Amino acid sequence: MALYKTKEGPVGYDASKCMGCRYCMAACPFRIPTYEWYSPTPRVRKCIMCIDRVTAGKPTACSESCPTGATIFGQRDELLAEAHKRIAAEPTKYVPAVFGEREAGGTSVLYISSVPFDKLGLPTNLPQTPMPHYTWEALSHIPAIVTAAVPLLWGVWWITNRRDEVAEAEHGTKTASKSGEDHA
Ligand code: SF4
Ligand code: SF4
């Protein structure tokens, strides 16, 4: 797969496996993946959460280089605690919520903000259920549909076949009686 999830959290991207279908752009509820529309060899682009650094045990480059501590890196529960601590410390400054705490089941990147999240372009109407749950819901019904479809198709075949047999029998009866009339 071109996009893949790592156990550390980041979702990576392997351009050599990407066929450019852009389904990921349509499917991402956060509208994160973008496309190199004007490149002769276009790739999907997104933050890969510095996957090489993170898997090597280092923080992301942006958090390491951020001089103010606005962007920080760490374990999710520690980041959530820090986010709520910052909101509680300045309740008039921040929107009283952490974006990503529950959205789509909870995300690896979390935001606090002094302006409403929708003004930042973040979707605020997401369910709290993880997205793969909906995929599994749809896929899990396929065996039942296939099982139900086989008797249904068999029933359709039986009715069609029976109709042909009746038509053939009636045609044979008519032919026989016509032949009888001709001989009379
Ligand atoms: S465009 Fe997106 S969905 Fe399509 S192959 Fe590439 S990464 Fe996968
Ligand atoms: S530097 Fe920050 S924004 Fe850029 S890929 Fe790394 S984590 Fe993402």
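Note that the structure is predicted; figures quoted are calculated from it, not measured.

Of regular secondary structure, the protein possesses 6 helices and 4 strands. Along its sequence from the N terminus, the protein presents helices and strands in the succession β-β-α-β-β-α-α-α-α-α. Looking at the protein as a whole, 5% of its 184 residues are labelled buried. Considering only contacts in the protein between residues 6 or more positions apart, those separated by 24 or more positions represent 32%.

Another aspect to go through is the site of ligand 2. In the neighbourhood of ligand 2, the contacting residues comprise Cys47, Ile48, Met49, Cys50, Thr60, Ala61 and Cys62. Of the residues that constitute the shell around ligand 2, the class distribution is 6 nonpolar, 1 polar and no charged.

Attention now moves to the site of ligand 1. In the region of ligand 1, the neighbouring residues are Ala2, Leu3, Cys18, Met19, Gly20, Cys21, Arg22, Tyr23, Cys24 and Val44. Residues that form the shell around ligand 1 fall into these classes: 8 nonpolar, 1 polar and 1 charged.

Positive phi, close to 50 degrees, is recorded for Met49, a residue that is not glycine. Summarising the element assignment, Met49 is placed in the loop between strand 4 (44–45) and helix 2 (51–55). What makes Met49 buried here is the crowd of 20 C-beta atoms within 10 Å.

Within the element layout of this structure, Phe30 appears in the loop between helix 1 (23–27) and strand 3 (34–35). Distance in space between the C-alpha atoms of Phe30 and Leu126 is 9.0 Å, their sequence separation being 96 residues.

How each quantity is defined
Residues numbered from 1 in each chain as written. Chains lettered and ligands numbered in written order. Predicted model: local features only at pLDDT ≥ 70, side-chain atom pairs only at ≥ 80, totals over all residues. Helix = DSSP H or I, 4+ residues; strand = E, 2+ residues; numbered from the N terminus. Buried ≥ 20, exposed ≤ 12 C-beta atoms within 10 Å, placed from the backbone. Contact = placed C-beta atoms within 7 Å. Near = placed C-beta within 6 Å. Nonpolar A, V, L, I, M, F, W, Y, C, P; charged D, E, K, R; others polar.

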